[in-house]
Amino acid sequence: MVWQKLKTFCLDLVFPAVCAHCGKNTQTTEMILCVECLNKIKLNDHGFCPVCMKWLGQGPPSQEATAGRGKCHEHPLRALYAAANYEDPEVRTLIKKLKYDSWSRVANHLASPIHNYLDLVGGNFKEYVLVPVPLHPSKEKARGFNQAELIARILSHRMEVLMKTDLVKRILPTISQTTLENYAAREKNIAGAFQINHKVELPKKIMLVDDIYTSGATMSELARTLKLGGVKEVVGLVFAKAR
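What counts as what
Residues numbered from 1 in each chain as written. Predicted model: local features only at pLDDT ≥ 70, side-chain atom pairs only at ≥ 80, totals over all residues. Heavy atoms only, no water. Helix = DSSP H or I, 4+ residues; strand = E, 2+ residues; numbered from the N terminus. Buried < 20%, exposed > 50% of the residue type's maximum accessible area, 1.4 Å probe, protein only. Contact = heavy atoms within 4.5 Å. Areas by Shrake-Rupley, 256 points an atom, 1.4 Å probe, with all protein chains shown as cover. Phe/Tyr/Trp six-rings, centres within 6.5 Å; stacked < 30°, edge-to-face > 60°. Lys NZ or Arg CZ within 6 Å of the ring centre and 35° of its normal. Axes fitted to C-alpha atoms, helices over the stretch in contact; angles between N-to-C directions. Parallel < 35°, antiparallel > 145°, perpendicular 65-115°, else oblique. Left-handed = near helix turned anticlockwise from the far one by under 90°. Nonpolar A, V, L, I, M, F, W, Y, C, P; charged D, E, K, R; others polar. Expected span 1.5 Å × (residues − 1). Core = buried A, V, L, I, M, F, W, Y, C linked by side-chain atoms within 4.5 Å.

### Brief notes about the overall build of the chain
Consideration 1: For the chain, the count of helices and strands is nine helices and eight strands.
Consideration 2: In the chain, which comprises 243 residues, the share counted as buried stands at 49%.
Consideration 3: Long-range contacts, defined here as pairs at least 24 residues apart, represent 72% of the contacts in the chain between residues at least 6 apart.
Consideration 4: Accessible surface, the chain as shown: approximately 12400 Å² in total, 54% of it carbon and sulfur.

What follows is the structure, encoded as structure tokens:
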């Protein structure tokens, strides 16, 4: 209790107790968005095709869950699970604060909606091992943290599933995907960027975790690398999709 009060006091000194989106008073610095802005974030309730974003229904992509609906497009990711949509202004604010303003405490505000979203999707995801999309060491050092790992660590605790960070690493210091205009350029930029750790045993099913899914080139390359290494099934889990 004393530690929590001290933590809140320190946050009050550094961060204003105002909504990061609309500027209204939030009463506490532990709230990034006010209640009104939080309630504007619309959660999805189904999975998506990682290529065309067609609804894939609810539940994990087991044969039982996919029976009758089939696969949409061939892709290294069996399915994409996205809690929210980047077109929502409040969603964009949260991602910007986490990814570009280095507010690591925002991770909890992304993990909570993701967990609620998975409850809406339904099904048992405990057979998957959570793997955060790795950053190159130079970028992680510059930012101070890997936002995907922060989110995955919180989800691992809440979902009661295993998280692994030693299965694969990023070996190429690629330029930011956001600076590239089309998918072909992003695909070329990320090609060969990941390397499997052959000293550890890979699980059969992996759920990749990240903050946002834009073109999908990065997660696609990571999933491809893992499947070449022997992983049977890879799905993606993000806070928001950009299309």
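That shown, we press on.
### Digging into helix H4 (residues 89–99)
Consideration 1: Among the 11 residues of H4, eight are classified as buried, and the element is accordingly described as predominantly covered.
Consideration 2: When H4 is considered as a whole, its buried residues turn out to be Glu90, Val91, Thr93, Leu94, Ile95, Lys97, Leu98 and Lys99.

### Digging into the packing of aromatic side chains
Consideration 1: Per the counting criterion, the structure on display carries two aromatic pairs.
Consideration 2: A ring pair is formed by Tyr81 and Phe125, whose centres lie 5.3 Å apart and whose planes are at 85°; its orientation type is edge-to-face. Of this pair, Tyr81 sits in strand S3 (residues 80–85) while Phe125 is found in the loop between helix H5 (107–121) and strand S4 (129–132), placing the two residues 44 residues apart along the sequence. Exposure class is identical for Tyr81 and Phe125. Each is buried.
Consideration 3: Between the aromatic rings of Phe125 and Tyr128, the centroid separation amounts to 6.2 Å while the plane-to-plane angle is 35°, which identifies the pairing as tilted. Like Tyr128, Phe125 is buried.
Consideration 4: Every member of this aromatic cluster is reached through a ring pair, and the members are Tyr81, Phe125 and Tyr128.
Consideration 5: The positively charged end of Lys241 is found above the aromatic ring belonging to Phe48, 4.8 Å away from the centroid.

### A look at the packing of helix H8 (residues 183–190) against helix H9 (residues 217–228)
Consideration 1: Where H8 meets H9, the axes come as close as 9 Å, and the angle between the chain directions of the two elements is 45°. Taken together, the axis directions place H8 and H9 in an arrangement best described as oblique. Note on packing geometry: the crossing formed by H8 with H9 is right-handed. Contact residues: H8 offers Tyr183, Arg186, Glu187 and Ile190, while H9 offers Ala217, Thr218, Ser220 and Glu221.
Consideration 2: Partitioned by chemical class, the residues of the contact of H8 with H9 number three nonpolar, two polar and three charged.

### Looking at H5
Consideration 1: Its 15 residues place the ends of H5 21 Å apart at the C-alpha level, agreeing with the 21 Å of an ideal helix rising 1.5 Å per residue.
Consideration 2: When H5 is considered as a whole, its buried residues turn out to be Ala107, His109, Leu110, Ala111, Pro113, Ile114, His115, Tyr117, Leu118 and Val121.
Consideration 3: Taken together, the buried residues of H5 touch strand S1 (47–48), S3, H4, helix H7 (147–159), strand S7 (205–213) and strand S8 (233–241).
Consideration 4: Just beyond H5, the residue with positive phi is Gly122, at close to 80°.

### So, the nonpolar core
Consideration 1: Of all hydrophobic cores here, the largest spans 68 residues; its most connected members are Tyr81, Ile151, Leu155, Leu208, Leu226 and Phe239.
Consideration 2: If one sorts the elements of this core by residue count, H5 sits on top with seven residues.
Consideration 3: For Leu155, the contacting residues outside a window of four places in its chain are Ala111, Ile114, His115, Leu130, Glu160, Val209 and Leu237.

Everything listed is a geometric property; what it means functionally is a separate question.
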